[in-house]
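# Working through the structure, step by step
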Amino acid sequence: MISIPSGWYGRHDSQLTVGGIPVERLAARVGSTPFFAYDRELVNRRVASVRAALPGDVELSYAVKANPMPALLQHMSGLVDGFDVASAQEMRHALDTPGPASRISFAGPGKSAAELAQAVAAGVTIELESELEVERVRSASAAAGIPARVALRVNPDFVVRGSGMRLGGGPQQFGIDSERIPAVLAGLGGDEFDFQGFHVFAGSQNLRVDSICEAQRRTVELIVGFADAAPGPVRYLNIGGGFGIPYALRDRPLDLGPIGDNLARLVDGLVRPRLPEARIVVELGRYLVGEAGVYVTRVVDRKESRGKVFVVVDGGLHHQLAASGNFGQVIRRNYPIAVGNRMDDPPEETVTVVGCLCTPLDLLGDDVSLPKAGVGDLIVLFQAGAYGLTASPAAFLSHPAPAEVLV
Ligand SMILES: *Cc1c(COP(=O)(O)O)cnc(C)c1O
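A few points on the structure. (Residues numbered from 1 in each chain as written. Predicted model: local features only at pLDDT ≥ 70, side-chain atom pairs only at ≥ 80, totals over all residues. Heavy atoms only, no water.)

### Some points on the nonpolar core
Counting residues in each nonpolar core, the largest one holds 122 residues, and the members touching the most others are Y62, F198, L288, V353 and I379. For this core, the element with the most residues is helix 8 (residues 209-224), which contributes 7 residues. Shared between two domains, this core holds at least three residues of each, these being domain 1 (10-38 + 293-406) and domain 2 (100-284). When neighbours within four sequence positions are excluded, Y62 is seen to be in contact with N67, L72, L73, M76, V80, G82, F83, D84, L284, G285, L288 and V289. (Core = buried A, V, L, I, M, F, W, Y, C linked by side-chain atoms within 4.5 Å. Buried < 20%, exposed > 50% of the residue type's maximum accessible area, 1.4 Å probe, protein only. Helix = DSSP H or I, 4+ residues; strand = E, 2+ residues; numbered from the N terminus. Domains from an automatic or database assignment. Contact = heavy atoms within 4.5 Å.)

### Some points on the packing of helix 8 against helix 9 (residues 256-274)
Remark: helix 8 packs on helix 9, axes separated minimally by 10 Å, with the N-to-C direction vectors making an angle of 5°. Here helix 9 runs roughly parallel to helix 8, going by the angle between their axes. Here V209, I212, C213, Q216, R217, V220, E221 and V224 of helix 8 lie close against helix 9, whose contacting residues are P258, I259, N262, L263, L266, L270, V271 and R274. (Axes fitted to C-alpha atoms, helices over the stretch in contact; angles between N-to-C directions. Parallel < 35°, antiparallel > 145°, perpendicular 65-115°, else oblique.)

### Brief notes about the site of the ligand
Near the ligand, the surroundings consist of 13 residues, among which K65, S204, E283, R286 and Y387 are the closest. Within the backbone of G285, an N or O atom sits 2.9 Å from an oxygen atom of the ligand. Here an oxygen atom of the ligand sits 2.8 Å away from a polar atom, N or O, in the main chain of R286. Considered on its own, the ligand offers 380 Å² of accessible surface; in the complex 94% of this is hidden by protein. Comparing atom positions with the cavity grids shows the ligand to sit within the largest pocket. Residue assignment for the shell around the ligand shows that the elements contributing at least two residues are strand 13 (203-206) and strand 15 (279-284). Across the shell around the ligand, the residue classes tally to 4 nonpolar, 4 polar and 5 charged. (Near = heavy atom within 4 Å. Polar contact = N/O pair within 3.5 Å; in protein donor to acceptor, adjacent residues only side chain to side chain. Areas by Shrake-Rupley, 256 points an atom, 1.4 Å probe, with all protein chains shown as cover. 1 Å grid on protein atoms, 1.4 Å probe; cavity = no way out; pocket = protein on both sides within 12 Å on 5 of 7 lines; lining within 4 Å. Sits in = over half its atoms within 2 Å of the grid points. Nonpolar A, V, L, I, M, F, W, Y, C, P; charged D, E, K, R; others polar.)

### Side note on the pattern of salt bridges
Considering all chains together, one arrives at 22 salt bridges under this definition. Of the charged contacts in the structure, one is a salt bridge between R298 and E24, with a shortest N-O distance of 3.5 Å. With R298 in strand 16 (residues 293-305) and E24 in helix 1 (residues 23-30), the pair connects residues that are 274 residues apart, well separated along the chain. Since its relative accessible area comes to 23%, R298 is described here as partly exposed. Salt-bridge contacts for D251 lead to R333; the nearest nitrogen and oxygen are separated by 3.3 Å. Placement of the pair is D251 in the loop between strand 14 (236-241) and helix 9 and R333 in the loop between helix 11 (321-324) and strand 18 (337-339), with a sequence separation of 82 residues. Bridged by salt links that share partners, the residues E59, R103 and R279 form one connected network. (Salt bridge = Lys/Arg side-chain N within 4 Å of Asp/Glu carboxyl O.)

### A closer look at unusual backbone geometry
P34 follows T33 through a cis peptide bond whose omega is -5°. Positionally, P34 belongs in the loop between helix 1 and strand 4 (35-38). Its identity is not glycine, yet R306 carries a phi of approximately 45°, on the positive side. For R306, the position within the fold is in the loop between strand 16 and strand 17 (308-313).

### Points about the sheet that holds strand 2 (residues 15-18)
Ordered by their spatial adjacency, 3 strands build an open sheet running 1-2-3, and the pairing between neighbours is antiparallel. Each edge of the sheet is formed by a strand with only one pairing partner; in this case those strands are strand 1 (10-12) and strand 3 (21-22). (Pairing = 2+ DSSP bridges.)

### A look at the side chain of T33
Within the fold, T33 resides in the loop between helix 1 and strand 4. Looking at T33, its side chain comes within polar contact range of the side chain of D314, at 2.5 Å. Leaving out residues up to four positions away in the same chain, T33 has contacts with A27, V296, R298, D314 and L378.

### As for the layout of surface pockets
For the largest pocket, the calculated volume is near 1200 Å³. Lining the largest pocket are 50 residues, and of these G164, M165, S204, Q205 and R286 lie nearest its centre. Of all the secondary-structure elements, those providing two or more residues to the lining of the largest pocket are strand 6 (82-85), strand 10 (163-166), strand 13, strand 15, helix 10 (286-289) and helix 11. Its residues assigned to classes, the lining of the largest pocket shows 25 nonpolar, 14 polar and 11 charged. Counting contributing residues per domain, the lining of the largest pocket is built from domain 1 (10-38 + 293-406) and domain 2 (100-284), each supplying no fewer than three. (Points joined across faces, edges and corners; volume = space filled by probe spheres on them.)

### Digging into helix 3 (residues 70-77)
If you check which residues of helix 3 are buried, you get L72, L73, H75, M76 and S77. Lining the buried residues of helix 3 we find helix 2 (40-53), strand 5 (58-63), strand 6, helix 4 (88-95), helix 10 and strand 22 (403-406).

Structure follows, in structure tokens:
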């Protein structure tokens with residue numbers, strides 16, 4: 001059985017509280033289950049802990065694709081220094097927040113001509129992902145008569161070990177290979193470009209302090225080497241992030257202390273002497289919001305089949321794909337789960353929690369030990385604040401969309 005992040009969510013009268021609200025009352029307020037609830041205070045605390053660990057002059061950017069809920073972005077805009085977006089729609093939602101457009105960076109392969117035109121007009125920083133994209137941004141800038149704020153996304157010549165997902169090193173659809181960077185920089189001198197700097201994002205969901213530190217060091221070493229070839233001073237250095245969160249029993253939470261110390265040494269030793277004008281940015285998605293969200297479902301059926309107890313809930317993989325094991329592609333591990341209205345009851349039985357989809361893949365908790373949950377009880381899945389609803393196949397089986405609330 002997986003324990004719930006301790007000291008994180010509160011309890012009241014045997015109920016889990018989210019945003020201080022007991023979960024039954026929250027369900028009544030939402031009016032239907034299943035739903036996602038994100039806790040502002042937990043987001044605040046998480047951002048504060050990152051700020052406390054990182055050097056004071058390092059900026060923090062939120063990667064919108066982790067959770068693009070517009071209300072959350074509004075809340076985030078008061079906490080972070082910028083947003084990283086990966087589509088025109090994400091860009092519009094980020095532009096709706098009070099922060100300046102210049103603090104929005106637009107990354108991602110395959111940006112369309114329409115997206116690039118919007119990005120140039122908005123004045124966001126376009127992270128150039130290919131040499132063809134350089135030319136398309138040049139055209140978009142010429143057509144608009146506005147210099148495009150640009151940074152080069154670099155595909156580094158190293159691999160970050162320990163990442164759950166790798167987005168850099170070796171052949172990649174992301175970024176421009178580091179060995180091509182000097183040639184590309186030589187072509188950025190025209191009026192069409194307002195050159196800002198560089199972006200490296202080499203991996204995601206990393207729980208290894210040593211490999212995150214090594215990635216930061218190699219990233220900084222790589223980028224300072226490009227400074228002399230740049231068409232102007234380097235004003236922006238986005239070193240990525242990739243900080244992971246624990247999902248399963250064997251995962252240990254990251255210790256940010258040594259990561260912050262490592263970064264402070266790099267900033268003082270390399271970045272400030274070599275790139276004195278650079279804003280240094282760490283960009284995080286999952287780490288800021290993943291643990292601040294829950295997916296709340298209600299038990300609709302309970303059955304025993306040949307000795308195994310199944311608890312059937314009204315949600316499922318169509319809303320929280322990752323908890324089910326991503327269509328069976330990876331070795332499935334249980335996410336933290338609880339009976340949200342029986343938090344003080346001891347575990348009484350081992351059950352399998354399934355969703356309401358007609359596929360055996362719709363598994364939310366396999367052989368988990370829980371207090372006895374009957375029809376009407378609330379089953380809560382944790383670690384649902386990032387890559388939940390918008391990373392799930394919501395149209396699969398045509399159930400209604402769940403509500404999302406920020407409390
Ligand atoms: C997805 C993405 C992120 C966020 O990754 P997390 O693992 O959620 O922190 C950051 N930067 C870029 C460029 C991304 O594509």
